[in-house]
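# Structure at a glance
Chain residues, written in single-letter form:
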Amino acid sequence: MSCEHLVCAQCAHPVIEGRCPLCRANRERMHNHGFAGLSPALVAVLLLVLLFATLVLRHLVGA
Ligand SMILES: [Zn+2]
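The rules behind each value
- Residues numbered from 1 in each chain as written.
- Predicted model: local features only at pLDDT ≥ 70, side-chain atom pairs only at ≥ 80, totals over all residues.
- Heavy atoms only, no water.
- Helix = DSSP H or I, 4+ residues; strand = E, 2+ residues; numbered from the N terminus.
- Contact = heavy atoms within 4.5 Å.
- Expected span 1.5 Å × (residues − 1).
- Buried < 20%, exposed > 50% of the residue type's maximum accessible area, 1.4 Å probe, protein only.
- Donors = N, O, S within 2.8 Å, 3.2 Å for Na, K, Ca; no water.
- Tetrahedral: all angles 85-135°; square planar, octahedral: opposite > 155°, others 65-115°.
- Salt bridge = Lys/Arg side-chain N within 4 Å of Asp/Glu carboxyl O.

## Brief notes about the overall build of the protein chain
Scanning the protein chain from terminus to terminus reveals 2 helices and 0 strands. For the protein chain, long-range pairs separated by at least 24 residues make up 10% of all intrachain contacts whose partners lie at least 6 apart in sequence.

## Some details on helix 2 (residues 40-62)
For helix 2, with 23 residues, the first-to-last C-alpha span of 33 Å sits near the 33 Å given by 1.5 Å per residue. Of all 23 residues in helix 2, 0 are buried; the element is thus mostly exposed.

## Re the coordination of the zinc ion
The protein atoms that coordinate the zinc ion are C8 (SG), C11 (SG), C20 (SG) and C23 (SG), at distances of 2.2 to 2.3 Å. The site at the zinc ion holds 4 donor atoms, and with the angles between them running 99 to 116°, its shape is tetrahedral. Read from N- to C-terminus, the donor residues coordinating the zinc ion fall into the pattern C-x2-C-x8-C-x2-C.

## What about the pattern of salt bridges?
This model, assessed by the stated rule, comprises 1 salt bridge. In this structure, R19 and E17 form a salt bridge, with 2.5 Å as the shortest nitrogen-oxygen distance.

Take a look at the structure:
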C-alpha cells in the first residue's frame, strides 16, 4: 500500500508531502511497514523460501 494517494485529515494536503507532523508520522509508518504490513526484510526471506521450495519440489518431481 502506498501513501501517494492519501490526503491528510489534519492539513488536507497529500500525506506524501509531509506538511504537518501527522503527515510525516503516517508517511514514516507506511514506508517502514513495506508490503502488506510485512517488513521488506521479511518479504525477501519469504521470497527466498518460496524459491527454495519450488526448486525442491521440481527436484522431487523430476527424480
Ligand atoms: Zn498533514
